[in-house]
Amino acid sequence: MIEVKLIGHDGFYGISDVLRLFFGNVKEDRGEHRVFSESEEDLRIVSEVSDGAVTYVEGERDLWEKTLRERFPEVIEPKREIKRQLYFLLSKKTGKDFPWGSLTGIRPTVVAKEVGTAEKLISDYMVRPDKARLCIMTKDNEEKVLGLSDEDAMNVYIGVPFCPSRCAYCSFVSEEISHHLGRLGEYASALTDEISYVGRRIKKMSSLYVGGGTPTVFSDEDFEKVMRAIKDNMPVNGKTEITVEAGRPDTITDRKLKAMKEIGVQRICINPQTLCDETLKRFNRKHTVAEFYSVFEKARKMGFEIINTDLIAGLDKEPEELLKSVEGLLELGPENITIHTLYKKRRAALSRQEVLDGDDGLDAVLGKAYEMLECKGYKPYYMYRQKDTSHGLENVGFALEGAECIYNVAMMTDRRNVIALGAGSVSKRIFEGGRFERFSSPKDVLIYIRDHEEVAKRKVDFFGNGVEDEVSEM
Ligand code: SF4
């Protein structure tokens, strides 16, 4: 068993995160002030804060205190020091290193903003220099994009948590339509009601993102109905950024593309995930590479200004396949390329250990992929991490100059209001000083269909002056 005993502090969260990085499963025993992992290895560690922070292997305090002082002569705040020391000690004991060092958490650029420089990320968190540089670059681009969005304007999310089938690697809480056959039309009606009620009360909108799941899972008629509801009720104009996550190429039809064009959608996501048919099949992705190419070409011909394409690193049997996919996309020239790293939560079909053990050069391949993108003028502009990604790696959105997605940055940075409609959606209201509060809509689709009117009203109240309250009743 690996056990960390906490003395003189309550940094359970940070300790758990670092321990999880090395050993996977972690449990906290707050009563006994310890965090442990049921690993085959045996190690007892003490993390103590009295005069300063010191982390040591039980019985070896003097040795570790000396080692730490030599390695980290500069004193930093205890919260960071606790994690840095534990990371350093575990790294020494296991011989393992991780690209992001002791920087855990899902928003690395928030930390980058706090510390300011790549050097500080390297010294305070032991982040590897290439990741520190990537993080600072992304943070700077995020700031630029945020500068383009009006602070008082609303960013809107419309969620469609259904997919035609479940991809084996997916951890998103979406429903296979086979479980809700016949309810999709009802969901579209509830959603259009909510769009109408909330949309007519929004004063100003900076961006709108229709995401999922797979929003294009609707029938042509229902999809058109949702698009029309947006146009008729929301303050969208030529300046509002509108994105539709078309996602799965197998759900995109000419009528849906036309409906998007008619309401002024400029950004559309068509996601191949990989350009390897065998991998798509292996993960139950139900479309082919050829279908992706065909839909991409159609969307181009119809004049969508910005096309985003997602790839997932670590999906293919051989990590190097990722580079072939990047090469293929670069030939097509989408304005955005987002690279996710394979991860897994409880619901996905891969075991967690498979994902953790599956690095095998993925880290290096990812670095090469970024280089290829940067060589072609793509810049990283938003970034997040998820727990349980292979090797603690990240997800990064790249864009050609001027083609960045405002919504993605607004959502990721927690610095802009987001009003979110649909089942399972989470709204975020930002207050002065950076504090924010969330409002969650019911996750269960059937409960959402039943209660959506009440939910919409409470949501409008939640935002207070951010949305007007003087138009129609439902
Ligand atoms: S399309 Fe996306 S959200 Fe739907 S199952 Fe596949 S990965 Fe998950």
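All figures in this text were calculated on a predicted structure; none of them were measured in a lab.

Quick notes on the rules
Residues numbered from 1 in each chain as written. Predicted model: local features only at pLDDT ≥ 70, side-chain atom pairs only at ≥ 80, totals over all residues. Heavy atoms only, no water. Axes fitted to C-alpha atoms, helices over the stretch in contact; angles between N-to-C directions. Helix = DSSP H or I, 4+ residues; strand = E, 2+ residues; numbered from the N terminus. Parallel < 35°, antiparallel > 145°, perpendicular 65-115°, else oblique. Left-handed = near helix turned anticlockwise from the far one by under 90°. Contact = heavy atoms within 4.5 Å. Nonpolar A, V, L, I, M, F, W, Y, C, P; charged D, E, K, R; others polar. Near = heavy atom within 4 Å. Buried < 20%, exposed > 50% of the residue type's maximum accessible area, 1.4 Å probe, protein only. Phe/Tyr/Trp six-rings, centres within 6.5 Å; stacked < 30°, edge-to-face > 60°. Lys NZ or Arg CZ within 6 Å of the ring centre and 35° of its normal. Expected span 1.5 Å × (residues − 1). Arc of directions from axis to C-beta. Core = buried A, V, L, I, M, F, W, Y, C linked by side-chain atoms within 4.5 Å. Domains from an automatic or database assignment. Buried area = accessible area lost by both parts, 1.4 Å probe. Salt bridge = Lys/Arg side-chain N within 4 Å of Asp/Glu carboxyl O. Polar contact = N/O pair within 3.5 Å; in protein donor to acceptor, adjacent residues only side chain to side chain. Pairing = 2+ DSSP bridges.

Draft legend 1. Expanded view of the packing of helix α2 (residues 61-71) against helix α3 (residues 78-94). The geometry of α2 relative to α3 is characterised by a closest axis approach of 11 Å and an angle of 110 degrees between their N-to-C directions. As judged from the angle between their axes, α2 and α3 are roughly perpendicular. Note on packing geometry: the crossing formed by α2 with α3 is right-handed. Together, Trp64, Thr67, Leu68, Arg69 and Arg71 of α2 and Gln85, Phe88, Leu89, Lys92 and Lys93 of α3 make up the contact between the two elements. Its residues assigned to classes, the contact of α2 with α3 comprises four nonpolar, two polar and four charged.

Draft legend 2. Spatial organisation of the site of the ligand. Residues in contact with the ligand, as listed here, are Cys163, Ser165, Arg166, Cys167, Tyr169, Cys170, Gly213, Thr214, Arg248 and Arg285. Its residues placed into classes, the shell around the ligand shows four nonpolar, three polar and three charged.

Draft legend 3. Representation of the environment of Ala118 in the model. Its place among the elements puts Ala118 in helix α5 (residues 118-125). Looking at Ala118, the relative accessible area reads 18%, which means it is buried. It is 5.7 Å that separates the C-alpha atoms of Ala118 and Arg133, two residues lying 15 residues apart in sequence. Filtering out sequence-adjacent residues up to four positions away, Ala118 remains in contact with Ala132, Arg133 and Ile136.

Draft legend 4. Representation of the packing of helix α6 (residues 129-148) against helix α15 (residues 406-413) within the structure. With their axes 9 Å apart at the nearest point, α6 and α15 run at an angle of 110 degrees to one another. Classed by the angle they form, the pair α6 and α15 counts as roughly perpendicular. Crossing angle aside, the handedness with which α6 passes α15 is left-handed. Residue-level contacts link Glu142, Val145, Leu146 and Leu148 of α6 to Ile406, Val409, Ala410 and Thr413 of α15. For the contact of α6 with α15, a count of residues per class yields six nonpolar, one polar and one charged.

Draft legend 5. Spotlight on the packing of aromatic side chains. A full pass over the atoms with the stated rule returns 19 aromatic pairs. Ring geometry for Phe162 and Tyr187: centres 5.1 Å apart, planes at 75 degrees, overall edge-to-face. Placement of the pair is Phe162 in strand β7 (residues 162-163) and Tyr187 in helix α7 (residues 184-199), with a sequence separation of 25 residues. In this pair, the class of Phe162 matches that of Tyr187, namely buried. Here the aromatic cluster, defined as three or more aromatic residues joined through ring pairs, consists of Phe22, Phe23, Tyr87 and Phe98. The residue whose ring lies beneath Lys261 is Phe304, and the NZ or CZ to ring-centre distance is 5.0 Å.

Draft legend 6. Fine view of helix α11 (residues 289-301). Here α11 is 13 residues long and its end C-alpha atoms lie 19 Å apart, about the 18 Å a rise of 1.5 Å per residue gives. For α11, the full list of buried residues reads Val289, Phe292, Val295, Phe296 and Ala299. For α11, the angular spread of the buried residues around the axis is 125 degrees, confining them to a single face. Facing away from the buried side of α11 by over 90 degrees, the exposed positions are Ala290 and Lys301. In the stretch just after α11, Gly303 is the one whose phi turns positive, near 90 degrees.

Draft legend 7. Representation of the nonpolar core within the structure. The biggest cluster of nonpolar side chains holds 90 residues, and the ones touching the most others in it are Leu121, Ile158, Tyr187 and Ile230. When near neighbours in sequence (up to four residues on either side) are disregarded, Ile230 contacts Ile158, Ile195, Leu208, Val210, Val236 and Ile263.

Draft legend 8. Examining the domain arrangement of the protein more closely. Segmentation of the protein into domains returns domain 1 (2-96) and domain 2 (142-462). Using only C-alpha atoms to locate each centre, domain 1 and domain 2 end up separated by 37 Å. Listed per partner, the contact involves five residues of domain 1 and five residues of domain 2. The largest share of the area that domain 1 buries against domain 2 comes from Arg20, Leu21 and Gly24, three residues that together contribute 78% of it. Applying the counting rule to domain 1 against domain 2 returns zero salt bridges. Applying the counting criterion to the domain 1 and domain 2 interface returns zero residue pairs in polar contact (both at pLDDT 80 or more). Its residues assigned to classes, the side of domain 1 that touches domain 2 shows two nonpolar, one polar and two charged.

Draft legend 9. Inspection of the pairing of strand β16 (residues 418-421) at higher detail. In β16, alternate side chains face the same way, and those of Val418 and Ala420 on one face and Ile419 and Leu421 on the other are all buried. Bridge analysis of strand β6 (residues 154-160) against β16 gives four bridges, and the strand direction is parallel. Paired with Ile158 across the two strands is Leu421, which belongs to β16.

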